[in-house]
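Here's the letter readout for the chains.
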Amino acid sequence: MSSILTNNGAMVALQTLSQVSDDLLMTQNAISTGKEVETAKDNAAIWAISKTMESDIRGFEAIEDGLAIGEATVGVASAAAEQIVETLNEMKELIVSAQSESVEHETIQNDIDSKAAQIASIIGAAQFNGANLLSNTIDGTETQLGILGSLDRVGAGGTVSAVEITVDALGFESTLDLSSELTVITDSASAESALGEIESLLQIAIDGAAILGATAARLEDQASFVSDLVDSMTLGVSTMTDTNMEEASARLTALQTQQELAVQSLGIANEQPNTLLQLFQ
């Protein structure tokens, strides 16, 4: 049935045109912004997940910075500890040479005192940003250095907890106090006593350097893991929210064609009342 009061065909054509225009506008926005899901109204579930992941990404990027500082701090201490080991080995050579009665013990002791002062200087200077892992305390008060290594999340919106990598101060100020731990060499007998003492001191330094080396390797591995994790999470967010430009381009072309057809359909539907007038002529 045809009616001059209600043009059903025009109403349907208008609804189709309106829907196509809305879809076309969404596609154009997705192309211009590069985001398929930009606001919560686009897709509430995906938007919520992406925002949680973006927050975690920012957290892990901050962790990367902290790990870099931690690596530098441990790296400085590790290099200093290895230098101390080398200096103690040089002192051991001097002490071994002092086992003979025919050498100048006073001269050897002077060389040992010079190297002991060098070790004390290394311990005092082995700091980065005010943190010294070779001293008795890290910064004058703390005996441990905490380095944030990761964030653990339980569930999609669950509790987030920080995971720290702790590094203990080695306390070389006390354990490698050569002025009190090493016998002054005056003859072959005192040199023999000093040899046993330097062996103990050398082992302390070697153990400390090994600990720092293992910690440096752990921090390096953790930094590499966090970097890979940030890349993976960023890619995941991109996959969920970014516009697939190839797909959007094809859709844009199709919607533009649909819009043209919908406009033509609306024009044809609007001509129907004029056709009815011919019945009365």
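Rules behind the numbers
- Residues numbered from 1 in each chain as written.
- Predicted model: local features only at pLDDT ≥ 70, side-chain atom pairs only at ≥ 80, totals over all residues.
- Heavy atoms only, no water.
- Helix = DSSP H or I, 4+ residues; strand = E, 2+ residues; numbered from the N terminus.
- Rg over C-alpha atoms; globule rule 2.2 N^0.38 Å.
- Buried < 20%, exposed > 50% of the residue type's maximum accessible area, 1.4 Å probe, protein only.
- Axes fitted to C-alpha atoms, helices over the stretch in contact; angles between N-to-C directions.
- Parallel < 35°, antiparallel > 145°, perpendicular 65-115°, else oblique.
- Left-handed = near helix turned anticlockwise from the far one by under 90°.
- Nonpolar A, V, L, I, M, F, W, Y, C, P; charged D, E, K, R; others polar.
- Core = buried A, V, L, I, M, F, W, Y, C linked by side-chain atoms within 4.5 Å.
- Contact = heavy atoms within 4.5 Å.
- Patch = residues over 30% accessible without salt bridge, like charges linked within 9 Å, V, L, I, M, F, W, Y side chains within 5 Å.
- Areas by Shrake-Rupley, 256 points an atom, 1.4 Å probe, with all protein chains shown as cover.
- Salt bridge = Lys/Arg side-chain N within 4 Å of Asp/Glu carboxyl O.
- Polar contact = N/O pair within 3.5 Å; in protein donor to acceptor, adjacent residues only side chain to side chain.

Undergrad: Account for the overall build of the protein, with residues named and values stated.
TA: Of the regular secondary structure elements, the protein holds eight helices and four strands. In the protein, the succession of α and β elements from N to C terminus is α-α-α-β-β-β-β-α-α-α-α-α. For a compact globule of 281 residues, the expected C-alpha radius of gyration is about 19 Å, and the protein comes in at 38 Å, more than 25% above that figure. For the protein, the C-alpha atoms occupy an extent of roughly 140 × 30 × 25 Å along the three principal directions. Each of the 281 residues in the protein was classed as buried or not, and the buried ones make up 32%.

Undergrad: Pulling in residues and values, what's your account of the packing of helix 1 (residues 8-33) against helix 7 (residues 245-270)?
TA: Between helix 1 and helix 7, the shortest axis-to-axis distance is 8 Å and the interhelical angle comes to 160 degrees. Our classification of the angle between helix 1 and helix 7 gives roughly antiparallel. With respect to the hand of their crossing, helix 1 and helix 7 are arranged in left-handed fashion. A class-by-class count of the residues in the contact of helix 1 with helix 7 yields 15 nonpolar, eleven polar and two charged.

Undergrad: Explain the nonpolar core residue by residue, including any values.
TA: Residues I84, L88, M91, L134 and L212 are the most contacted members of the largest nonpolar core, which totals 51 residues. Secondary structure elements with two or more residues in this core: helix 2 (44-97), helix 3 (105-125), strand 3 (144-153), strand 4 (160-168) and helix 6 (188-241). Those residues in contact with L88 that lie beyond four places of it in its chain are I119, L178, I198, L201, L202 and A205. Core analysis: the second largest hydrophobic core is formed by six residues, A10, A13, A262 and A269 among them.

Undergrad: Which residues make up a nonpolar patch on the surface, and what are the values?
TA: Taken together, I69, V76 and F128 make up a surface patch of nonpolar side chains, about 220 Å² in accessible area. Note on placement: I69 falls in helix 2.

Undergrad: Let's hear about the pattern of salt bridges: which residues, and what values?
TA: Counting across every chain of the model gives four salt bridges. Close ionic contact of E54 with K51 constitutes a salt bridge, the shortest N to O distance being 3.3 Å. Note that E54 and K51 are positioned in helix 2 at a spacing of three residues, about one turn of the helix. On the basis of relative accessibility, which here comes to 36%, the residue K51 falls in the partly exposed class.

Undergrad: Outline the environment of G208, listing residues and values.
TA: Along the chain, G208 turns up in helix 6. Remark: the alpha-carbon pair of G208 and E220, spanning twelve residues in sequence, is separated by 18 Å. Residues within four places of G208 in sequence aside, it is in contact with L170 and F172.

Undergrad: Go over the side chain of T73 with me, naming the residues and quoting the values.
TA: Counting through the fold element by element, T73 comes out in helix 2. By relative accessible area, T73 is classed as buried at 5%. Among the polar contacts made by the side chain of T73, one reaches the main-chain carbonyl oxygen of I69 at a distance of 2.9 Å.

Undergrad: Give a detailed account of the packing of helix 2 against helix 3, specifying residues and quantitative values.
TA: It is the contact of helix 2 with helix 3, at a shortest axis distance of 10 Å, that shows an interaxial angle of 170 degrees. It follows that helix 2 is roughly antiparallel to helix 3 by the angle criterion. Across the interface between the two elements, A80, Q83, I84, T87, L88, E90, M91, L94, I95 and S97 of helix 2 pack against I108, D111, I112, K115, A116, Q118, I119, I122 and I123 of helix 3. Class assignment of the residues belonging to the contact of helix 2 with helix 3 gives a composition of twelve nonpolar, four polar and three charged.

Undergrad: An account of unusual backbone geometry is needed here, citing residue identities and associated values.
TA: When glycine is set aside, most residues are seen to have a negative phi, and most peptide bonds are trans. Backbone geometry places N129, a non-glycine residue, at a positive phi of 55 degrees. Examined against the element boundaries, N129 turns out to sit in the loop between strand 1 (127-128) and strand 2 (131-132).

Spatial relationships are all this shows, so hold off on functional conclusions.
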